[in-house]
Amino acid sequence: MEIREAQELIRRAYFEKDSRRGLYQTFTWLVEEVGELADSLLKGDEEAKMEEIADVFAWLLSVANLLNIDVEEAFKRKYITNGAPP
């Protein structure tokens, strides 16, 4: 799956709900998920790490959808066009 496909999947599933919640509250959920990821890292819980990485990614896509930012394009522009450090 391409990043753009994942972003569209999240848009179709959650955009209306995210729009009603608003940008700030949606971003707050992203931050909460980052905290849960940190907790899973500290605990060394491999299954939780996978789940929380997926949650962080999904919430990041939700925030990007609200901002009308194509994450795949932003990533390519930052890390491919400009050249990622080795």
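Cut-offs used in this document
Residues numbered from 1 in each chain as written. Predicted model: local features only at pLDDT ≥ 70, side-chain atom pairs only at ≥ 80, totals over all residues. Heavy atoms only, no water. Helix = DSSP H or I, 4+ residues; strand = E, 2+ residues; numbered from the N terminus. Expected span 1.5 Å × (residues − 1). Buried < 20%, exposed > 50% of the residue type's maximum accessible area, 1.4 Å probe, protein only. Arc of directions from axis to C-beta. Contact = heavy atoms within 4.5 Å. UniProt positions renumbered as here; feature names shortened; annotations may be inferred. Axes fitted to C-alpha atoms, helices over the stretch in contact; angles between N-to-C directions. Parallel < 35°, antiparallel > 145°, perpendicular 65-115°, else oblique. Left-handed = near helix turned anticlockwise from the far one by under 90°. Nonpolar A, V, L, I, M, F, W, Y, C, P; charged D, E, K, R; others polar.

This paragraph deals with helix α2 (residues 23–43). If you check α2, its first and last C-alpha atoms are 30 Å apart, about what 21 residues at 1.5 Å a residue would give, namely 30 Å. Residues of α2 that are buried: T26, L30, E33, L37 and S40. Around the axis of α2, the buried residues are gathered within 75° of arc, so they sit on the same side. Turned more than 90 degrees from where α2 packs its buried face, Y24, L42 and K43 sit exposed. Here the buried face of α2 lies against α1 (3–21) and α3 (46–67).

UniProt tags residues 26–77 as "domain: NTP pyrophosphohydrolase MazG-like" (unreviewed entry). Along residues 26–77 the backbone is 90% helical and 0% strand, and the end-to-end C-alpha distance reaches 25 Å.

Let's shift gears to the packing of α1 against α3. When two helices pack together, their arrangement is given by the angle between the helix axes and by the axis-to-axis distance. For the pair α1 and α3, the least separation of the axes is 8 Å and the interaxial angle reads 70°. One element, α1, and the other, α3, form an angle in the roughly perpendicular class. Handedness of the α1/α3 crossing: right-handed. Between α1 and α3, the contacting residues are I3, A6, Q7, I10, R11, Y14, F15, D18, S19 and R21 on the first element and F57, A58, W59, L61, S62, A64, N65 and L66 on the second. Class assignment for the residues of the contact of α1 with α3 results in 11 nonpolar, four polar and three charged.

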